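# Close look at the chain arrangement
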Amino acid sequence: MALAVMLLNGASFHGGCCRHKVLLSSLGPLLSNSKLYSSYRRPGAEPEKKLSWRNADFSFKKSFDHLKTQLSLLKKETQDYLKGPGGHPLSEHLLEQTRVLWQFRSQEDLNKWVISSDVEIGGKSKVYIKLGRNNQAALLYGTLNTEVPRDGETQYSGYCSMRSRPAVGSFNRKKYYDWSNFNSLYLRVRGDGRPWMVNIYTDPYFSHQKDDLYSYFMFTRGGPYWEEIKIPFSKFFLSSRGRVQDNQHPVWLDKASFLTLGFTIGDKVDGPFQLEIDFIGLLNDRAHREKFAYEAYDKN
């Protein structure tokens, strides 16, 4: 029908004939009928969204301010690069024993993290995050529910997670964490006795590695006291889509692999949970000499 309207409208432009006006007036009720119109939307479908460029703000002042901000970030990154690794002198970098990556003292610190649960696949678990008492920690809490969605496809459910946002540099470039000077992850937490999984997400070189994940367990003892947990990077094992891989290799700690860090609870126990995190940092433990905790197999 839309094609017929275009042809009829084009006829007046090229031939100057008025017959199409009679046709158009007679076909008008049919063309306006929603059942015959080409933009018919089936029931339950989402309405057509506007094109992204229509919602864009073409303000010259805002564009100039944004460019100015990105250039200032680029200037700072250049200065830090010339100063040394991580913006510190080389001598200080080599002697560095600990480094705090994330600490939670304000809402801005919480905004660097994203929470998710099995609600994304139709589950019923709930998770929330807020600042703890006196704004001195992050409180991750919620309820775990292992009831499987009745969609005929999902077989397992019941998980909640917290994941850091990927670091972004000037002009929205990806930034990577360089942890090559450390050998352990160092945390100060207070839990309720439930186990967690600490996950390291990497930026793969190939598309088939996009689901690769390095994980290890974090056991909390519960109670009113804080505990400091040290997890060597040599303990992290490789998995993909929830399956532990036969071909294991150590985590690459250079700046070309790390993207985000996350925590996941999925111990198949229904009920409430909570985890308080004071800070997340790195530790160079000179007493830890282990290179890799798992046996590596030679490929045939």
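Cut-off values and rules
Here the residue index of a chain counts from 1 through its sequence in written order. Given that the model is predicted, a residue must reach a pLDDT of at least 70 before its local features are reported, and side-chain atom pairs must reach 80 or more before they are shown or counted; all residues, however, enter totals for whole chains, interfaces and linings. Hydrogens are left out, water is left out, and the side-chain values use all remaining heavy atoms of the structure. UniProt positions are given in the numbering used here, feature names are shortened, and annotations may be inferred rather than shown by experiment. For helices the rule is a DSSP run of H or I covering at least 4 residues; for strands it is a run of E covering at least 2, with both sets numbered from the N terminus onward. Relative accessibility under 20% of the residue-type maximum defines a buried residue, over 50% an exposed one, and the middle range a partly exposed one, all with a 1.4 Å probe and only protein chains included. By the convention used here, residues are in contact when the closest approach between their heavy atoms is within 4.5 Å. Note on areas: these come from Shrake-Rupley sampling with a 1.4 Å probe, and a residue is covered only by the protein chains present in the view. For this document, the term salt bridge refers to a Lys or Arg side-chain nitrogen within 4 Å of an Asp or Glu carboxyl oxygen. Stacked, edge-to-face and tilted labels apply to pairs of Phe, Tyr and Trp rings (six-membered ring for Trp) whose centres lie within 6.5 Å, assigned for plane angles under 30 degrees, over 60, and everything in between, in that order. Lysine NZ or arginine CZ positioned within 6 Å of the ring centre and within 35 degrees of the ring normal marks a charge as sitting over the ring. One less than the residue count of a helix, multiplied by 1.5 Å, gives the span that helix is expected to have. What pLDDT conveys is the predictor's confidence in a given residue, as a value from 0 to 100. Patches draw on residues past 30% relative accessible area with no salt bridge. Two like charges within 9 Å are joined, as are two nonpolar side chains (Val, Leu, Ile, Met, Phe, Trp, Tyr) within 5 Å. Under the rule applied, a polar contact is a pair of N or O atoms within 3.5 Å (in protein, one hydrogen donor and one hydrogen acceptor; residues adjacent in sequence only if both atoms are side-chain atoms). Being paired, for any two strands, means DSSP has found at least two bridges between them.

The name given to the protein in an unreviewed UniProt entry is Complex I intermediate-associated protein 30, mitochondrial, with Motacilla alba as the source organism. Listed in UniProt under the heading Subcellular location (unreviewed entry), the comment for the protein reads: "Mitochondrion". Listed under Function (unreviewed entry) in UniProt, the entry text for the protein is "As part of the MCIA complex, involved in the assembly of the mitochondrial complex I."

## As for the overall build of the protein
For the protein, the helix and strand inventory stands at five helices and 13 strands. Counting across all 300 residues of the protein, residues that qualify as buried make up 34%. The long-range share in the protein, meaning contacts at least 24 apart out of those at least 6 apart in sequence, stands at 73%. Accessible surface computed for the protein: about 20500 Å², of which carbon and sulfur atoms make up 55%.

## Quick word on the pattern of salt bridges
In total, this model carries twelve salt bridges according to the counting rule given. With its nearest N and O atoms 3.1 Å apart, the salt bridge here joins arginine 99 to glutamate 96. The burial state of arginine 99 is the same as that of glutamate 96; both residues are buried. A single network of salt bridges, built from pairs that share partners, joins Arg105, Arg188 and Asp278.

## Overview of the packing of aromatic side chains
The geometry of two aromatic rings is summed up by the distance between their centres and the angle between their planes. Summed over all chains, the structure comprises 14 aromatic pairs. When the centroid spacing of 6.0 Å and the interplanar angle of 25° are considered together, the rings of phenylalanine 217 and phenylalanine 219 count as stacked. Classification of phenylalanine 217 as partly exposed rests on a relative accessible area of 38%. Of the residues examined, phenylalanine 219 reaches a relative accessible area of 58% and is grouped as exposed. By the ring-pair criterion, three or more aromatic residues cluster together here, those being Trp179, Tyr216, Phe217, Phe219, Phe233, Phe236, Phe237, Phe292 and Tyr294. Sitting over the face of the ring of tyrosine 201, arginine 163 holds its NZ or CZ atom 3.6 Å from the ring centroid.

## Regarding helix H3 (residues 60-83)
For H3, with 24 residues, the first-to-last C-alpha span of 35 Å sits near the 34 Å given by 1.5 Å per residue. Of the residues flanking the end of H3, it is glycine 84, one or two places downstream, whose phi is positive at about 155°.

## Points about the confidence of the model for the protein
This prediction gives the protein a mean pLDDT of 81; 79% of its residues lie at or above 70. The model gives residues 1-8 a pLDDT under 50, and that stretch makes eight contacts with residues more than four places away or in other chains.

## Description of unusual backbone geometry
Phi at asparagine 172 is positive, roughly 60°, even though this residue is not glycine. Take asparagine 172: it is sitting in the loop between strand E5 (160-164) and strand E6 (184-191). Of note, lysine 268 is a non-glycine position whose phi angle comes to about 65°, a positive value. Residue position: lysine 268 is located in the loop between strand E12 (258-265) and strand E13 (271-283). We classify lysine 268 as exposed; its relative accessible area is 68%.

## A short note on a nonpolar patch on the surface
Together, Leu67, Leu71, Leu74 and Phe171 make up an exposed nonpolar region whose accessible area comes to about 330 Å². Its place among the elements puts leucine 67 in helix H3. Under the relative-accessibility criterion, leucine 67 is labelled partly exposed at 41%.

## A short note on the side chain of aspartate 278
Among the secondary structure elements, aspartate 278 is positioned in strand E13. Only 2.9 Å separates the side chain of aspartate 278 from the side chain of arginine 105, close enough to count as a polar contact. In this structure aspartate 278 touches Gln103, Phe104, Arg105, Gln136, Ala137, Arg188 and Trp226, once residues within four positions along its chain are discounted.

## So, the environment of tyrosine 216
Inspection of the secondary structure puts tyrosine 216 in strand E8 (residues 212-219). Accessibility expressed as a relative area gives 24% for tyrosine 216, which makes it partly exposed. In sequence terms tyrosine 216 and isoleucine 200 are 16 residues apart; their C-alpha atoms lie 9.1 Å from each other.

## Focus: the side chain of serine 157
One can find serine 157 in the loop between strand E4 (138-144) and E5. For serine 157, the side chain forms a polar contact with the side chain of aspartate 118, separated by 3.0 Å. Ignoring any residue separated from it by four or fewer positions in sequence, one finds serine 157 in contact with Asp118, Gly123, Asn145, Thr146, Glu147, Val148 and Pro149.

## Digging into the pairing of E5
Within a regular strand, the side chains alternate between the two sheet faces. Buried residues dominate E5, accounting for four of its five residues. Judged from the five bridges that link them, strand E2 (residues 113-117) and E5 form a sheet pairing that is antiparallel. When the sheet's bridge partners are listed, isoleucine 115 is paired in E5 with methionine 162.

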